[in-house]
Amino acid sequence: MSLFPKTEKNDAPVVDMDSDDDDAEAVVAAVPAKNDASSQKTPSPQVQLVRQETPASSSALSVSDLQSQSFWKAGDYVVGPSSKPPPFQGHLEHARVHPKFLHSNATSHKWAFGAIAELVDNAVDEIQNGATFVKINKFDIKKDNSPALCFQDDGGGMDPNSIRKCMSLGYSSKKSKTTIGQYGNGFKTSTMRLGADVIVFSRAMRSGRATQSVGLLSYTFLRRTGQDDVVVPMIDFDISGHWAEPIIYSSQDEWSANLKTILDWSPFASKEELMLQFDDIGSHGTKVVIYNLWLNDEGIYELSFDDDAEDIMLRDEANHGAEKNLRKKTVQLQSHISYRIRYSLRAYVSMLYLRKFSNFKIILRGKLVDQFNIVDELIYSKVIPYRPQLAMASNEAIVETKTTIGFIKEAASIKISGFNVYHKNRLIKPFWKVVADGSSKGSCVVGVLEANFIEPAHDKQDFERSVLFIRLENKLKQMTMDYWKGHCHLIGYQPLNFKQQNVVKEVHIRKLAGHSTNPQNQLLADQQDTSLVAEHRNDLSLDQPIVGLAVTGMQGLSHEQLGTTEGTPGSVSVDKICEENIKLFERCEEYRLKETELKQTAVDLEKELKEIQNKCALLSSLLEAKRKEKGVKER
């Protein structure tokens, strides 16, 4: 892929983006290092005529324009015939990227927060270039009073070469094993997923030369001007001296036309207003402003800036949790971070990175985001090592992965389970459930691990379903079951061998209670007891824990209460037994509560009695003293 400055006759010169990844290096030739006429003259492989239109006002938008402001409908517009002239003789035609590809490419992000995370990743990757913060904020556009989303960092910034590579499709210069980005597609997919248009401001210092650049990737511009190829207007300045001097590659007219296109289709009406955006960047850094944010199906902005002044909400998800008259357990569940990350950007970003930064801050709407690791809140936690089995032909060293596993501290009230799986410090799968719902096994078990041996999908919200991934999934299932068997009793569940112990105990109690009075009845009872124990041993293979049943709760239970019937070799289903046991446990709990209340009442009554006795004794002594005093007076 390459970007070529092009001269448009009577119209705006633009930068063309083609889809040949091998040509990405050609951009270097498009931006010379020196600001002289001979070196700045870049031959154009072809001339592209672009008929520029004046942006329509918001009041003049048609119904189809309003519909196109919804992300999932933005690709539904009619494509006219190509306006591309045939290539000049001696020049090869390049593969074009239609503007619709920007939209279809962005659909890889099903979740808007996933797109935001990509842009935060870009800032985090700049830590190696000195970045100390990334700011995420709402940006108010003066032209139409609409909201925009702004990302700003103080990293190394981008020079003219780098910003063109950033705007290219599929180009990535991130080869480090520690950087998160690797596909060279995240900036385009993420920005186009959040809004129709994005403008980038960047300052950098390279080889003693300070530059600042502005680039505009506008789906609105491309769509309304009928483009059949992705074109990106850009302008660059040399700021090594006392003022910003335009860097001219072809002609002053071309540079001015690029500036005019940017002003016409960006939130900024003048060059002065455009240049003001560099004031808070400093000597190096990048600012990304995404505007014309997408609407949801109801015609309201997908992102909500009004529900919380210190947060950004996903409107549709937040509305689901705003229902009234919810049960207490539902409210507790929705207040847990595993639920809040669905709609609260602050909650999601707080868990986005496994290790806490020492010299880097994420600032959301003016307030620092406190990084959170759920490992800090697990109870009865333990660390379990896992060594993945790589392919035989792989030359990679096998690195042991450590998984921290435990129960959530709210295990008594809410049932949340799953693994937070990270890749290169970045959260990929939050609260990944490896055990099927509907079973008490694995309930409230949460784990955290960093799996650098498997590759994430392009949207970084899942992993590629490789052999290594399947092996990891099976290992985590086994890990969950093993931990559950050894620790479930610590949060009120009964161990898996509890049924067999209680059945044997019941057999013993029945014998002591005199259920059999003659040898024949004794023999029959022994046969039934043996059958009952055998059935429950078989049930153990089903691995169904019984919740909350105390040992004393089994005393006095008959075969009918346990689900077995006299004279029948079979038994009622395990689920039936579990239900009955749970009911009995609830009754036991009620009795325990009543017993506690009665004990407390007795204690209170005893206190009252002592107080009354003390008062009586005092009154008696006073009465006796008065009697003696009266007797003395009468004498």
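That block above? That's the structure.
Residues numbered from 1 in each chain as written. Predicted model: local features only at pLDDT ≥ 70, side-chain atom pairs only at ≥ 80, totals over all residues. Heavy atoms only, no water.

Pulling in residues and values, what's your account of the packing of aromatic side chains?
Two measures describe an aromatic ring pair: the distance that separates the ring centres and the angle between the ring planes. Across all of its chains, the model carries 17 aromatic pairs by this definition. Note on Trp432 and Phe469: the rings are 5.1 Å apart at their centroids and 15° apart in plane angle, and the pair reads as stacked. Placement of the pair is Trp432 in strand β17 (residues 426-432) and Phe469 in helix α15 (residues 467-487), with a sequence separation of 37 residues. The aromatic ring of Phe133 is capped on one face by Lys135, whose charged end is 5.0 Å from the ring centroid. (Phe/Tyr/Trp six-rings, centres within 6.5 Å; stacked < 30°, edge-to-face > 60°. Helix = DSSP H or I, 4+ residues; strand = E, 2+ residues; numbered from the N terminus. Lys NZ or Arg CZ within 6 Å of the ring centre and 35° of its normal.)

Help me get a handle on the nonpolar core, residues and values and all.
Val120, Leu149, Ile199, Leu274 and Ile362 are the most contacted members of the largest nonpolar core, which totals 123 residues. What Ile199 contacts, discounting residues up to four positions off in sequence, is Val214, Gly215, Leu216, Ile262, Ser266, Pro267, Phe268, Leu274, Lys287, Val288, Val289 and Tyr291. (Core = buried A, V, L, I, M, F, W, Y, C linked by side-chain atoms within 4.5 Å. Buried < 20%, exposed > 50% of the residue type's maximum accessible area, 1.4 Å probe, protein only. Contact = heavy atoms within 4.5 Å.)

Help me get a handle on the pattern of salt bridges, residues and values and all.
Enumeration over the complete set of coordinates arrives at 17 salt bridges. Residues Asp121 and Arg426 are paired through a salt bridge, measuring 2.8 Å at the closest nitrogen-oxygen approach. Separated by 305 residues along the polypeptide, Asp121 in helix α5 (residues 112-125) and Arg426 in strand β17 bring together distant segments of the chain. One exposure class covers both Asp121 and Arg426, and it is buried. One salt bridge in this structure joins Asp159 and Arg206, with 4.0 Å as the shortest N-O distance. Within this pair, whereas Asp159 is found in the loop between β4 (147-153) and α6 (160-167), its partner Arg206 is found in strand β5 (residues 195-206), the two being separated by 47 residues in sequence. A residue is classified by how much of its surface remains accessible, and Asp159, at 14% relative accessible area, is buried. (Salt bridge = Lys/Arg side-chain N within 4 Å of Asp/Glu carboxyl O.)

Got a sec to walk through the pairing of strand β15 (residues 401-408)? Specific residues and values, please.
Burial runs high along β15: 7 of the 8 residues are buried. Bridge analysis of strand β14 (residues 378-386) against β15 gives 7 bridges, and the strand direction is antiparallel. Its bridge partner lying in β15, Tyr386 is registered against Thr401. Of the strand pairs in this sheet, β15 and strand β18 (residues 445-450) are connected by 4 bridges, and their pairing is antiparallel. Across the sheet, the residue bridging to Ile405 is Gly447, located in β18. (Pairing = 2+ DSSP bridges.)

Provide a residue-level description of unusual backbone geometry, including the pertinent values.
Here Asn145, not a glycine, exhibits a phi torsion of approximately 60°, which is positive. Along the chain, the position of Asn145 falls in the loop between β3 (133-140) and β4. Even without a glycine there, the phi angle at Phe431 is positive, about 50°. Relative to the helices and strands, Phe431 resides in strand β17.

Read these as geometric descriptors, not functional statements.
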